[in-house]
Amino acid sequence: MSGNSIGRLFTVTTFGESHGPAMGCVVDGCPPGMALSAADIQADLERRRPGKSRHTTPRQEPDTVRILSGVFEGLTTGTPIGLLIENVDQRSRDYGDIKDKFRPGHADYTYQQKYGIRDYRGGGRSSARETTMRVAAGAIARKYLGERLGIGIHGYVSQLGPIELGVTDMGAVDSNPFFCADPDRIPELEKFMDELRAEGDSIGAKISILASNVPPGLGEPVFDKLEASLAHALMSINAVKGVELGAGFAAINQKGSEHRDEMSPDGFAKNDAGGTLGGISSGQDILASIALKPTSSISKPGATVDKEGKTTEIVTTGRHDPCVGLRATPIAEAMVALVLMDHYLRHRAQNADVENTTPVITG
Ligand code: EPS
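Summarised in this report is the structure supplied together with it. Note that this is a predicted model, so its numbers are computed, not measured.

The rules behind the values
Residues numbered from 1 in each chain as written. Predicted model: local features only at pLDDT ≥ 70, side-chain atom pairs only at ≥ 80, totals over all residues. Heavy atoms only, no water. Pairing = 2+ DSSP bridges. Helix = DSSP H or I, 4+ residues; strand = E, 2+ residues; numbered from the N terminus. Phe/Tyr/Trp six-rings, centres within 6.5 Å; stacked < 30°, edge-to-face > 60°. Buried < 20%, exposed > 50% of the residue type's maximum accessible area, 1.4 Å probe, protein only. Near = heavy atom within 4 Å. Polar contact = N/O pair within 3.5 Å; in protein donor to acceptor, adjacent residues only side chain to side chain. Areas by Shrake-Rupley, 256 points an atom, 1.4 Å probe, with all protein chains shown as cover. Arc of directions from axis to C-beta. Salt bridge = Lys/Arg side-chain N within 4 Å of Asp/Glu carboxyl O. Contact = heavy atoms within 4.5 Å.

Describing the pairing of strand β17 (residues 302-305)
Part 1: Summarising the sheet, β17 and strand β18 (residues 311-314) pair through 4 bridges and their orientation is antiparallel. Directly across from Thr304, in β18, lies its bridge partner Thr312.
Part 2: Between β17 and β18, which pair antiparallel and follow one another directly, the connecting turn spans 5 residues, one of which, Gly309, has a positive phi of 85 degrees.

Quick look at the packing of aromatic side chains
Part 1: Enumeration over the complete set of coordinates arrives at 3 aromatic pairs.
Part 2: Aromatic side chains Tyr144 and Tyr344 sit 6.3 Å apart centroid to centroid with 45 degrees between the ring planes, which places their arrangement in the tilted category. On the criterion of sequence distance, the pair formed by Tyr144 in helix α3 (residues 131-149) and Tyr344 in helix α7 (residues 329-351) is long-range, its members being 200 residues apart. You'll find Tyr144 and Tyr344 in the same group, each marked buried.

Some words on the site of the ligand
Part 1: In the vicinity of the ligand, 14 residues are found, and the nearest of them are His19, Arg48, Arg59, Tyr95 and Arg129.
Part 2: A distance of 2.9 Å is found between an oxygen atom of the ligand and a side-chain nitrogen or oxygen belonging to Thr57.
Part 3: Here an oxygen atom of the ligand and a side-chain polar atom of Tyr95 are 2.3 Å apart.
Part 4: In the complex, 94% of the free accessible area of the ligand, which totals 470 Å², lies under the protein chains.

Examining helix α5 (residues 226-235)
Part 1: For α5, every residue scored as buried is listed here: Leu226, Ser229, Leu230, Ala233 and Leu234. Projection of α5 onto a plane perpendicular to its axis shows the buried side chains occupying an angular sector of 125 degrees, all on one side.

Observations regarding the sheet that holds strand β1 (residues 5-6)
Part 1: Ordered in space as β1-β2-β3-β7-β4, the 5 strands form an open sheet in which the pairing is antiparallel. Looking at strand neighbours, the two that pair on one side only are β1 and β4 (65-67), the edges of this open sheet.
Part 2: As judged from the 6 bridges shared by strand β3 (residues 22-28) and strand β7 (residues 81-86), these two strands associate in the antiparallel manner. Residue pairing across strands places Cys25 opposite Leu83, the latter belonging to β7.

A closer look at unusual backbone geometry
Across the chain, the bulk of peptide bonds are trans and the bulk of non-glycine residues have phi less than zero.
Part 1: Omega for the peptide link from Pro221 to Val222 comes to 5 degrees, which places this bond in the cis form.
Part 2: Of note, Val222 is situated in the loop between β10 (205-212) and α5.
Part 3: Not every positive phi belongs to a glycine, and Asp63 is a case in point at roughly 50 degrees.
Part 4: With respect to the helices, strands and loops of the structure, Asp63 is situated in the loop between α1 (38-48) and β4.
Part 5: Asp63 sits in the buried class, given a relative accessible area of 0%.
Part 6: Of note in this structure, Asn213 is not a glycine but carries a positive phi near 65 degrees.

Quick notes on the pattern of salt bridges
Part 1: Tallied over the full model, the rule gives 34 salt bridges.
Part 2: Put simply, Arg319 and Asp89 hold a salt bridge, and the shortest N to O gap is 2.9 Å. Of this pair, Arg319 sits in the loop between β18 and α7 while Asp89 sits in the loop between β7 and α2 (108-115), and the two are 230 residues apart along the sequence.
Part 3: The closest approach of N and O atoms between Asp108 and Arg103, which form a salt bridge, is 2.9 Å.
Part 4: Each of Asp44, Arg47, Arg142, Asp174 and Glu333 takes part in salt bridges that share partners, so that together they form one network.

Observations regarding the environment of Ile81
Part 1: Topologically, Ile81 is positioned in strand β7.
Part 2: Judged by its relative accessible area of 0%, Ile81 falls in the buried class.
Part 3: With 54 residues separating them along the chain, Ile81 and Val27 place their C-alpha atoms 5.0 Å apart.
Part 4: Leave out the neighbours within four places in its chain, and Ile81 touches Cys25, Val26, Val27, Cys30, Leu36, Ile67, Ser69, Gly70, Thr76 and Ile140.

In structure tokens:
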């Protein structure tokens with residue numbers, strides 16, 4: 001199966017299935033000399049880990065990462081970094097009843113059509129469990145970007161089903177199970193999720209990501225514009241159905257005089273562009289949002305077909321996230337980190353000698 005790698009100079013290749021022995025990845029192109037330990041990666045994995053609240057899957061995976069290569073005496077060596085996380089809480093019997101049926105809205109059907117064979121246990125390769133390795137690889141990129149460039153990448157849930165959420169306290173994001181930056185609304189989210197779970201249904205969500213201190217110049221016209229790479233990376237996350245940069249689809253209803261971010265020596269007046277102009281970072285914050293669909297593995301019965309094409313009914317039991325969006329914040333942050341890292345190295349490779357007399361405006 002091709003399509004398991006992302007990036008040009010900072011490349012990540014992931015492997016593994018939800019109920020296989022382990023998930024893994026190879027991160028190639030990391031600059032040498034950066035301090036790196038498993039603990040640096042573990043902190044981000046802990047934020048994504050399943051089984052931490054009643055609102056996510058009860059599958060208990062410690063997601064303990066091992067660094068297999070590419071680090072010597074605590075420093076990256078510039079050689080490929082191999083990472084491995086063992087799967088320890090597979091319960092494949094949950095999938096016995098649906099192994100010959102296709103969950104409507106799930107990759108079951110298309111994997112079968114494409115490959116003629118599929119690992120039905122836990123969704124196999126199509127499982128959101130694959131995102132462990134995105135977060136692990138993203139932690140390496142995030143560390144480099146933070147230490148060398150001061151770039152910060154922070155996300156939060158900006159909508160859960162019909163409930164739109166603002167930002168009143170970004171510091172609260174990591175201390176609630178929703179990655180919510182509006183802590184007064186948490187009781188409302190809990191009630192909504194409890195009712196949804198009782199119904200046996202699932203719901204979509206919107207996640208917003210902000211990357212600050214991104215230098216101007218990242219992004220390669222024309223096919224690898226920064227927003228094109230961000231859209232590619234974010235859209236590749238399981239269940240993502242939409243990506244917006246800056247004003248996104250709201251730009252449809254804006255006039256040019258409204259959308260443009262006016263400039264002065266003190267900076268940009270606002271940020272409807274989302275941090276890029278012409279596909280190149282402007283020095284403004286990168287603002288991206290993603291829409292995640294509701295999980296297709298639900299216990300409400302639905303009509304489907306079996307492998308013989310005959311009509312049947314399906315009920316998905318077992319352990320599932322009623323809202324995959326609830327754990328998507330660290331995953332989306334990781335994908336943004338991977339894209340910025342790759343584009344930083346690409347920009348440095350081509351343009352390290354460029355002398356620019358135009359002052360950088362920020363803000
Ligand atoms: C998933 C189905 C469930 C989730 C899993 C994602 O797997 P299982 O049926 O094996 O319990 O628990 O999520 C994780 C284990 C994880 O680490 O994110 C799916 O179909 O995507």
